[in-house]
Number of protein chains: 2
Amino acid sequence: MTVSITDVARVAGVSASTVSRALRGRPGVSDEVRAQIAAVAGQLGYTASRSASSLASGRTFTIGVVAPHIGRWFFGTVLDAAETVFSAAGYDVLLYNLGSPEARKRFFTRLPVRKRVDAVLSLLIPDLEEEEALRSLGVPLATTVGGARDGFTVVGIDDHAGATSAVRHLVNLGHRRIGMISGESEPLHWTTPIARRQGYLDVLAEAGITHDPALEADGGYTVEGGERAMTELLAVSRPPTAVFAQSDEMAMGALRALRRHRLRAPDDVSVIGFDDHELAEVVGLTTIAQPVPAQGAEAARLLLRQLDEPVAEPAPTGHVRMPIRLVLRETTAPPSPRSPL
Amino acid sequence: MTVSITDVARVAGVSASTVSRALRGRPGVSDEVRAQIAAVAGQLGYTASRSASSLASGRTFTIGVVAPHIGRWFFGTVLDAAETVFSAAGYDVLLYNLGSPEARKRFFTRLPVRKRVDAVLSLLIPDLEEEEALRSLGVPLATTVGGARDGFTVVGIDDHAGATSAVRHLVNLGHRRIGMISGESEPLHWTTPIARRQGYLDVLAEAGITHDPALEADGGYTVEGGERAMTELLAVSRPPTAVFAQSDEMAMGALRALRRHRLRAPDDVSVIGFDDHELAEVVGLTTIAQPVPAQGAEAARLLLRQLDEPVAEPAPTGHVRMPIRLVLRETTAPPSPRSPL
DNA sequence: AAACTGAACGCAAACGCTTGCGCAACAGCG
DNA sequence: CGCTGTTGCGCAAGCGTTTGCGTTCAGTTT
């Protein structure tokens, strides 16, 4: 039913090995025979069985991508870009969506990518045990989140610098009571919230503003969480006049909370986000932009490069930092003395 | 280096075939031996090579998912839900992101899923040729977009009914000049825009409103397109007092255009979307909600069911329709006589 | 003209599993 | 006590490739 390499060989009047060599551009086949074989293969609609070829060669031409919540904008966008690069290079991608704890545990114990992929791109931060499991795969590893890790090529941004310029922007506008919506409840080893928070603290310090813990609220990196967090911040005795949300999704939740309270941004409180979400422009959100698709693409490219290298390399793990920039839109302004707050 | 089935067999003191049967729960192995083997396998960290086992068995335990733009909310969300179902059932997913024409052509000519997947979930509408290519794979097929197609299990919504209730809502509010932002420039065979447009036309007719072609604009199903389309609509001699956007993304673009023109929704023009995008609530967009994750999950489940069936079935292609509902938020209201329009 | 090249190709052995079949061993039956 | 069934397991033949090695043969060398 499905045509195999021997069928092609028979029709072309050569051996299977020659067909294999011819189709993969390996030397040892004359140009005419090669052309002949290509013609026959095309005509018969032959495609080599990946199972068989990877069994025989050890190469799978497949990349494993593991991510939490592909549904979320950030991960979906990174995945989109990475997949594009991989498939253009002839690699397929095996996707693992590890949103739930069960899925995550299942993945790391059974490790279904073992012997199935040539490399792994991780969009989540593995804990130590998980990290070890990934390393045990013996393939190149890359990630677009978190800080540098042994054996991982990481492509990311300077979270601290991003947070710094966000908060500094608020300070420059004249704000003194600046709140932050963070994501402390995220899994361990997730350094982003920590770095962004530190940026926030550092700017406060440099501006001589004493840090008020009541002005920090947890938004869990979701829209709803951001809304809840903003609501909390509005409930403190002296609410902030500006808020730095560690992600645009949380910032949008914050905007929603403001609307619910009949307050307006930036008239009553300024809001700045982080990420430059696809829809940030739609809601006019001022934010720190990071090149999300570029990060995915770059990570993919670096991974592919490692695969092309003459092996035996001592795992050329690198750390590339992508540029960030402040995008001014309509949710930040100087504090208004007329605000009801 | 990596442990194979024979290693396990040797350690457990049995043959490889017994290990294979034991680990996969096949009959013909006594309980004690089975337990023994399981123990050894666990201890050795053995995982069967997927390549080898699918080569031998023909089963791949992998599902191919092809989608345009996984980065877009709708597809990302469907994918997320579907992947969750698949992986819970022990299947892996091979992802193909066919955003660009080149990627798409490459996929359908080389058909990298051939002999590599047990089923395919398509989130894009194949043209006739592509459809034939998919069918030639000889595996169960499903889709969450478009109308019924031979050999496909389709899970979707009633686009016509959704559009109908959207436009009827506007009519009930008292609007007579109702514009539409559609997506005509999308690829052929994409029935959604057609069905939604028909719903629009039908309601106009039933309300005795004569259809004005100048009130239709193409938004290409993107935010920017929606913004452009709204701008066009505002430029006609007598602009609409309400607009039905065929997707929330376009509706958000429309809102953005309104803001740019110093107009407000719903004060100056009402806007209703379609999909109930994750962020629709954030911007207060009235819309037609469809259960996106549920569609992905359901399609995945139906596909798995076909795989479990005793084969030889005459391709039990079904067509399930998920419920939709009107979600009232803050972008629709009766037409205002005081509007500058 | 004999010996020596490569280049082009075929042979056959993996790769690590699955599975039909055969063969013991043992149970239950008349 | 022989006979027929079961049950539990091993044998070995694939599955469709890739690849090291061997062979053939035309084209150089001496």
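Naming follows an unreviewed UniProt entry, where chain A appears as LacI family transcriptional regulator of Streptomyces lacrimifluminis.

Colleague: Whenever I open this one, the packing of aromatic side chains confuses me. Can you help?
Modeller: Aromatic ring pairs are reported here in terms of the distance separating the ring centres and the angle at which the planes meet. Residues and elements named next belong to chain A. Across all of its chains, the model carries ten aromatic pairs over all chains by this definition. Among the aromatic residues, those joined into a cluster by ring pairs are Y96, F107 and F108. Here R59 stacks its cationic end above the ring of F61, 4.7 Å away from the centre of that ring. A cation over a ring is seen here: R196 above F274, with NZ or CZ 3.6 Å from the ring centre.

Colleague: Honestly, the packing of helix α6 (residues 101-110) of chain B against helix α7 (residues 128-135) of chain B in this entry has me stumped. Any pointers?
Modeller: Any two packed helices are characterised by the angle at which their axes cross and by the distance between the axes. Residue and element names in this part refer to chain B. One can describe the packing of α6 onto α7 by two numbers: an axis separation of 9 Å at closest approach and a directional angle of 40°. Viewed along their axes, α6 and α7 adopt a mutual orientation that is oblique. Between α6 and α7 lies a crossing whose hand is left-handed. Taking contact as the criterion, the partners of R104, F107 and F108 in α6 are, on α7, E130, A133 and L134. Residue composition of the contact of α6 with α7, grouped by class: four nonpolar, no polar and two charged.

Colleague: I'm lost on the sheet that holds strand β9 (residues 270-275) of chain B in this one. Help?
Modeller: Each strand in a sheet pairs with another by means of backbone hydrogen bonds, the pair being arranged parallel or else antiparallel. All names here are of chain B. Spatially, β7-β6-β8-β9-β10-β12 is the arrangement adopted by the six strands of the open sheet, whose pairing is mixed. Whereas interior strands pair on both sides, the edge strands pair on one side only; in this sheet they are β7 (216-218) and β12 (325-327). With direction set aside, neighbouring strand axes in the sheet form an average angle of 20°. As paired strands, β9 and strand β10 (residues 286-289) are joined by four bridges and run parallel to one another. Bridge pairing in β10 links D275 to A289. Together, β6 (178-182), β8 (242-245), β9, β10 and β12 form the strand contacts of helix α8 (residues 159-172), whose direction differs from that of β9 by roughly 165°.

Colleague: Would you mind going over the relation of the copies chain B and chain A with me for this structure?
Modeller: The pair of chain copies shares a relation made of a rotation about an axis and a shift along it. Between the two copies, chain B and chain A, the superposition gives an RMSD of 0.1 Å; the rotation angle is 180° and the shift along the axis is 0.0 Å. As the rotation angle and translation indicate, the two copies are arranged about a two-fold axis.

Colleague: When you look at the protein's contact with DNA strand D in this model, what are you seeing that I'm missing?
Modeller: What surrounds DNA strand D is a group of 28 residues, the closest being A:I5, A:S20, B:T18, B:S30 and B:V33. Near the protein, within 4 Å, the atoms of DNA strand D are sugar or phosphate in 64% of cases. Measuring from a base oxygen of DNA strand D, one finds a side-chain N or O atom of A:R21 at 3.4 Å. Listed by contribution, the elements that provide at least two residues to the surface near DNA strand D are α2 (16-23) and α4 (50-57) of chain A together with α2 (16-23) and α4 (50-57) of chain B. If one sorts the elements of the surface near DNA strand D by residue count, α4(A) sits on top with four residues. Looking at the surface near DNA strand D, its residues break down into ten nonpolar, 13 polar and five charged.

Colleague: Honestly, the interface of chain B and chain A in this entry has me stumped. Any pointers?
Modeller: By a widespread convention, an interface's size corresponds to the accessible area lost as its parts come together. Residue-level contacts link 50 residues of chain B with 50 residues of chain A. Summed over both partners, the interface of chain B with chain A comes to about 4,600 Å²; 47% of that surface belongs to carbon and sulfur atoms. For the pair chain B and chain A, the interface holds ten salt bridges. For the salt bridge of A:E330 with B:R259, the shortest nitrogen-to-oxygen distance reads 2.5 Å. At the boundary of chain B and chain A, one finds 35 residue pairs in polar contact (both at pLDDT 80 or more).

Colleague: How should the pairing of strand β3 (residues 119-122) of chain A be read in this particular structure?
Modeller: All names here are of chain A. Taking every second residue as pointing to the same face, both faces of β3 are buried, with A119 and L121 on one and V120 and S122 on the other. Where strand β1 (residues 62-67) meets β3, four bridges bridge the pair, whose relative direction is parallel. Of the residues in β3, the one forming a bridge with G64 is V120. As defined by bridge partners, β3 adjoins strand β4 (residues 141-143) across three bridges and the pair is classed as parallel. Residue pairing for β4: L121 is matched across the bridge by A142. Following the chain from β3 across helix α7 (residues 128-135) to the adjacent parallel β4, one finds a crossover that is right-handed.

Colleague: What should I look at first to understand α2(A) in this one?
Modeller: Within an α-helix, residues lying three or four positions from one another point in the same direction, as the helix has 3.6 residues per turn. Residues and elements named next belong to chain A. Among the residues of α2, those classed as buried are T18, V19 and A22. Projected down its long axis, α2 shows its buried positions confined to an angular sector of 100°, all on one face. For α2, the elements touching its buried residues are α1 (5-12) and α3 (31-44). Backbone geometry just after α2 places G25 at a positive phi near 70°.

Colleague: How do you make sense of the UniProt feature "domain: HTH lacI-type" (unreviewed entry) in chain A when you look at a structure like this?
Modeller: The positions that UniProt labels "domain: HTH lacI-type" (unreviewed entry) are, in the present scheme, residues 3-57 of chain A. Within the segment residues 3-57 of chain A, helix and strand shares are 69% and 0% respectively, and the terminal C-alpha atoms sit 20 Å apart.

About the cut-offs
Residues numbered from 1 in each chain as written. Chains lettered and ligands numbered in written order. Predicted model: local features only at pLDDT ≥ 70, side-chain atom pairs only at ≥ 80, totals over all residues. Heavy atoms only, no water. Phe/Tyr/Trp six-rings, centres within 6.5 Å; stacked < 30°, edge-to-face > 60°. Lys NZ or Arg CZ within 6 Å of the ring centre and 35° of its normal. Axes fitted to C-alpha atoms, helices over the stretch in contact; angles between N-to-C directions. Helix = DSSP H or I, 4+ residues; strand = E, 2+ residues; numbered from the N terminus. Parallel < 35°, antiparallel > 145°, perpendicular 65-115°, else oblique. Left-handed = near helix turned anticlockwise from the far one by under 90°. Contact = heavy atoms within 4.5 Å. Nonpolar A, V, L, I, M, F, W, Y, C, P; charged D, E, K, R; others polar. Pairing = 2+ DSSP bridges. Least-squares fit on C-alpha atoms with pLDDT ≥ 70 in both. Near = heavy atom within 4 Å. Polar contact = N/O pair within 3.5 Å; in protein donor to acceptor, adjacent residues only side chain to side chain. Buried area = accessible area lost by both parts, 1.4 Å probe. Salt bridge = Lys/Arg side-chain N within 4 Å of Asp/Glu carboxyl O. Buried < 20%, exposed > 50% of the residue type's maximum accessible area, 1.4 Å probe, protein only. Right-handed = clockwise from strand over helix to strand, strands pointing away. Arc of directions from axis to C-beta. UniProt positions renumbered as here; feature names shortened; annotations may be inferred.

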